[in-house]
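# Observations on the three-dimensional arrangement
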Amino acid sequence: ACRLSEAAAAPLAEFHERDALWVLPGKRAKNDREHRLPLSRQAAALVKRRAGDSPWLFPMAGDADRPMRSDHIHTPLREALPALKVLPLSLIHI
């Protein structure tokens, strides 16, 4: 699991597509410890489909050089869930 703010500011470089793994470095984690998070099939598909030149998984709309703010990520997540065939979840689960 991760915090929404950690996901919102995730650079693509932290994702290892071959291993379906997200390595969250300690410098970005609240407890200063590296986290190795296995990606679900749906999450791996989302990372793989990510298009554009931005270094961020979720770039800021209108400024791809910055990550999306965590308070702005709810709408894209809500829109992505049906396409990823994820069971209905509350955003508290994300």
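The structure contained in this document is the topic of the report that follows. (Residues numbered from 1 in each chain as written. Predicted model: local features only at pLDDT ≥ 70, side-chain atom pairs only at ≥ 80, totals over all residues. Heavy atoms only, no water.)

### Section: the sheet that holds strand E1 (residues 15-16)
Taken in spatial order, the three strands line up as E1-E2-E3 in an open sheet, and their pairing is antiparallel. Whereas interior strands pair on both sides, the edge strands pair on one side only; in this sheet they are E1 and strand E3 (35-38). Relative to E3, strand E2 (residues 21-24) runs antiparallel, the two sharing four bridges. Opposite Val 23, over in E3, you have Arg 36 as the bridge partner. (Pairing = 2+ DSSP bridges. Helix = DSSP H or I, 4+ residues; strand = E, 2+ residues; numbered from the N terminus.)

### Quick notes on the pattern of salt bridges
Any two side chains of opposite charge can pair, given that their charged atoms come close. Applying the stated criterion to the full structure yields five salt bridges. Between Glu 14 and Arg 28 there is a salt bridge; the shortest N-O distance is 2.8 Å. Remark: Arg 28 occurs in the loop between E2 and E3 and Glu 14 occurs in the loop between helix H1 (4-8) and E1; sequence separation between them is 14 residues. For Asp 63, the salt bridge identified is with Arg 66, shortest N-O distance 3.7 Å. A residue is classified by how much of its surface remains accessible, and Asp 63, at 28% relative accessible area, is partly exposed. A residue is classified by how much of its surface remains accessible, and Arg 66, at 44% relative accessible area, is partly exposed. (Salt bridge = Lys/Arg side-chain N within 4 Å of Asp/Glu carboxyl O. Buried < 20%, exposed > 50% of the residue type's maximum accessible area, 1.4 Å probe, protein only.)

### Notes on the environment of Leu 12
Along the chain, Leu 12 turns up in the loop between H1 and E1. The partly exposed category is assigned to Leu 12, whose relative accessible area is 26%. Note: C-alpha distance between Leu 12 and Trp 22 (10 residues apart in sequence) is 9.2 Å. For Leu 12, the contacting residues outside a window of four places in its chain are Arg 50, Ser 54, Pro 55, Trp 56 and Leu 57. (Contact = heavy atoms within 4.5 Å.)

### Some points on unusual backbone geometry
The residue Ala 20 is not glycine, and still its phi comes out positive at about 50 degrees. With respect to the element layout, Ala 20 can be found in the loop between E1 and E2. Residue classification places Ala 20 among the partly exposed residues on the basis of a relative accessible area of 25%.

### Some thoughts on the packing of aromatic side chains
All told, the structure shown has one aromatic pair when counted by the stated rule. Ring centres of Phe 15 and Trp 22 lie 5.1 Å apart, and the angle between their planes is 20 degrees; on these two criteria the pair is classed as stacked. The class of Trp 22 is buried, set by a relative accessible area of 6%. (Phe/Tyr/Trp six-rings, centres within 6.5 Å; stacked < 30°, edge-to-face > 60°.)

### So, the environment of Phe 58
Inspection of the secondary structure puts Phe 58 in the loop between helix H2 (41-49) and strand E4 (59-60). Owing to a relative accessible area of 14%, Phe 58 belongs among the buried residues under this scheme. As for Phe 58 and Ile 73, which are separated by 15 residues in sequence, their C-alpha atoms are 7.9 Å apart.

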